[in-house]
Amino acid sequence: MIKQIPEDFIGARLDKWLKHEVPALKQGMIEMMLRKGSIRVNGVKVKSSYRLVGSDEVLYPDDLGEIKVMDRPKRRKLPVPAQMIKDLRKCILYEDDDILVINKPAGLSAQGGTGQTQHLDSILEAMMGPGHGAPKLVHRLDKDTSGVMVVAKNLKTAQFLTREFSQKTIAKIYWAIVVGVPGKREGEVQLPLEKATFGDLEKIIVNEDGKYASTYYRVKDALGKAFAWLELEPHTGRTHQLRVHCADTRGLNCPILGDGKYGGERAHPQGREQLHLHARAITFTHPNGKTMTFQAELPHHMKATWEKLGLSIKG
């Protein structure tokens with residue numbers, strides 16, 4: 001069966017649209033069918049995270065729609081607490097009729113998932129209110145990564161920004177504190193990445209058969225050989241790219257402070273720490289043609305670390 005994408009789902013993830021089409025379809029089944037090529041977009045294999053565009057045609061088996069929901073209670077949409085909406089309003093850096101730019105707090109998931117009752121997507125929808133349409137996330141940050149995010153307020157803007165991201169015309173700068181100091185003051189890490197599962201744990205690993213991933217880095221300051229303040233510029237947008245490129249011994253071999261998932265105990269030299277990765281700045285073209293740049297202040301836990309290490313926040 002071949003289906004074209006409805007207007008409401010342009011810019012959305014492929015797996016989100018598939019679950020809308022077939023509510024009983026589970027994520028594991030989607031991933032398996034995509035790997036085998038049973039589900040394709042425009043005749044080619046894609047990932048579940050693929051962002052849909054208006055011209056896309058999705059091919060899937062004719063009997064997929066016959067999967068039924070067996071005695072599964074419908075998920076009840078939980079109301080968003082007023083305080084969450086109030087707190088997010090304080091994070092707005094810029095807003096107009098087309099876009100919303102925010103400084104996402106660390107600890108807030110961009111979208112729903114296992115155990116996530118409230119997330120950025122739901123809070124934004126509640127903040128905009130009925131009759132305004134749900135804002136559309138055109139890119140994401142990890143739950144524990146803070147920093148600047150651009151949100152589209154209408155379908156036309158979502159399509160425009162999704163195209164910009166896919167064409168890699170949007171520039172992003174991240175700041176991180178890492179454990180250790182890279183051998184060179186600046187350079188580029190090019191390590192291919194892929195998703196792997198270890199029991200119940202899912203991680204991104206370096207694999208020569210994985211997807212190409214490139215990160216430019218620069219040491220802005222260092223505290224002896226113990227810690228370094230890095231400026232990171234991802235030239236590709238792979239999941240956990242910066243975290244893996246920093247931690248892996250074939251990369252910088254300097255895990256981001258607080259990143260136990262990829263840096264192990266070495267990432268926690270002074271006990272348990274929060275992740276010290278922050279999306280500092282973004283530069284993009286607004287649908288009106290104007291080039292815009294926004295910077296986001298560091299979260300409290302990272303400011304405290306800067307002060308503790310005697311680093312001057314600048315740049």
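All of these numbers come straight from a predicted model, not from anything done at the bench.

Colleague: Kindly report on the pairing of strand 13 (residues 227-234), identifying the contributing residues and their values.
Modeller: Of all eight residues making up strand 13, seven are buried, and the element is well covered by its neighbours. The pairing of strand 8 (residues 171-179) with strand 13 spans six bridges and is antiparallel. Of the residues in strand 13, the one forming a bridge with Ile 177 is Trp 229. Relative to strand 13, strand 12 (residues 214-223) is paired through eight bridges, and the arrangement is antiparallel. Following the sheet pairing, Arg 218 is matched in strand 13 by Glu 231. Taken together, strand 12 and the strand that follows it, strand 13, pair antiparallel across an intervening segment of three residues, in which Gly 224 is found at a positive phi of about 60°.

Colleague: Explain the sheet that holds strand 3 (residues 57-59) to me, using residue names and the numbers behind them.
Modeller: If you walk across this open sheet you meet the three strands as 1-3-2, and the pairing is antiparallel. Looking along the sheet, the strands with just one partner apiece sit at the ends: strand 1 (2-4) and strand 2 (40-41). For strand 2 and strand 3, the ladder comprises two bridges, and the chain directions are antiparallel. Among the inter-strand pairings, Val 41 is bridged to a residue of strand 3, identified as Val 58. Docked against the sheet, helix 1 (residues 14-21) engages strand 1, strand 2 and strand 3, running at close to 110° with respect to strand 1.

Colleague: I'd like a description of the packing of aromatic side chains, backed by residues and values.
Modeller: Here the distance between the centres and the angle between the planes together describe a pair of aromatic rings. Taken as a whole and assessed by the stated rule, the structure comprises six aromatic pairs. Note on Trp 17 and Tyr 60: the rings are 6.3 Å apart at their centroids and 55° apart in plane angle, and the pair reads as tilted. Pair noted here: Trp 17 is in helix 1 and Tyr 60 is in the loop between strand 3 and helix 3 (82-89), with a separation of 43 residues, a long-range link. Tyr 60 matches Trp 17 in its accessibility class, with the two residues each being buried. Here the aromatic rings of Phe 284 and Phe 294 are separated by 6.1 Å at their centres, their planes lie at 25°, and the arrangement is stacked. Of this pair, Phe 284 sits in strand 14 (residues 277-285) while Phe 294 sits in strand 15 (residues 291-295), and the two are ten residues apart along the sequence. Accessibility expressed as a relative area gives 2% for Phe 284, which makes it buried. Residue classification places Phe 294 among the buried positions, given a relative accessible area of 11%.

Colleague: Residues and numbers for the packing of helix 3 against helix 4 (residues 120-128), please.
Modeller: Direction vectors running N to C along helix 3 and helix 4 enclose 90°, while the axes themselves pass 10 Å from each other. It follows from the interaxial angle that helix 3 and helix 4 lie roughly perpendicular. Together, Met 84, Ile 85, Leu 88 and Arg 89 of helix 3 and Leu 120, Ile 123, Leu 124, Ala 126 and Met 127 of helix 4 make up the contact between the two elements. For the contact of helix 3 with helix 4, a count of residues per class yields eight nonpolar, no polar and one charged.

Colleague: Could you give me a rundown of the pattern of salt bridges, with the residues and numbers involved?
Modeller: In total, this model carries nine salt bridges according to the counting rule given. Linking Lys 153 and Glu 95 is a salt bridge whose minimum nitrogen-to-oxygen distance equals 2.8 Å. Within this pair, whereas Lys 153 is found in the loop between strand 7 (146-152) and helix 5 (155-166), its partner Glu 95 is found in strand 4 (residues 92-95), the two being separated by 58 residues in sequence. Glu 95 sits in the partly exposed class, given a relative accessible area of 40%. In this structure, Arg 243 engages Asp 142 in a salt bridge whose closest nitrogen and oxygen atoms are separated by 3.2 Å. Of the two residues, Arg 243 sits in helix 6 (residues 241-247) while Asp 142 sits in the loop between strand 6 (136-137) and strand 7, which places them 101 residues apart along the sequence. The class for Arg 243 is buried, based on a relative accessible area of 10%. Its relative accessible area of 23% is what places Asp 142 among the partly exposed residues. The network of salt bridges with common partners includes Asp 142, Arg 243 and Asp 259.

Colleague: Run through the nonpolar core, naming residues and quoting values.
Modeller: Within the largest apolar cluster, 55 residues are counted, with the highest numbers of intra-cluster contacts made by Leu 88, Leu 120, Leu 124, Leu 230, Leu 232, Leu 277 and Phe 284. Here this core takes five residues from strand 7, the largest share from any one element. Not counting residues up to four positions away in its chain, the partners in contact with Leu 88 are Ile 102, Leu 120, Ile 123, Leu 124 and Met 127. Listed in part, the 20 residues of the second largest apolar core include Leu 18, Leu 25, Val 41 and Val 46.

Rules of the game
Residues numbered from 1 in each chain as written. Predicted model: local features only at pLDDT ≥ 70, side-chain atom pairs only at ≥ 80, totals over all residues. Heavy atoms only, no water. Buried < 20%, exposed > 50% of the residue type's maximum accessible area, 1.4 Å probe, protein only. Helix = DSSP H or I, 4+ residues; strand = E, 2+ residues; numbered from the N terminus. Pairing = 2+ DSSP bridges. Contact = heavy atoms within 4.5 Å. Axes fitted to C-alpha atoms, helices over the stretch in contact; angles between N-to-C directions. Phe/Tyr/Trp six-rings, centres within 6.5 Å; stacked < 30°, edge-to-face > 60°. Parallel < 35°, antiparallel > 145°, perpendicular 65-115°, else oblique. Nonpolar A, V, L, I, M, F, W, Y, C, P; charged D, E, K, R; others polar. Salt bridge = Lys/Arg side-chain N within 4 Å of Asp/Glu carboxyl O. Core = buried A, V, L, I, M, F, W, Y, C linked by side-chain atoms within 4.5 Å.

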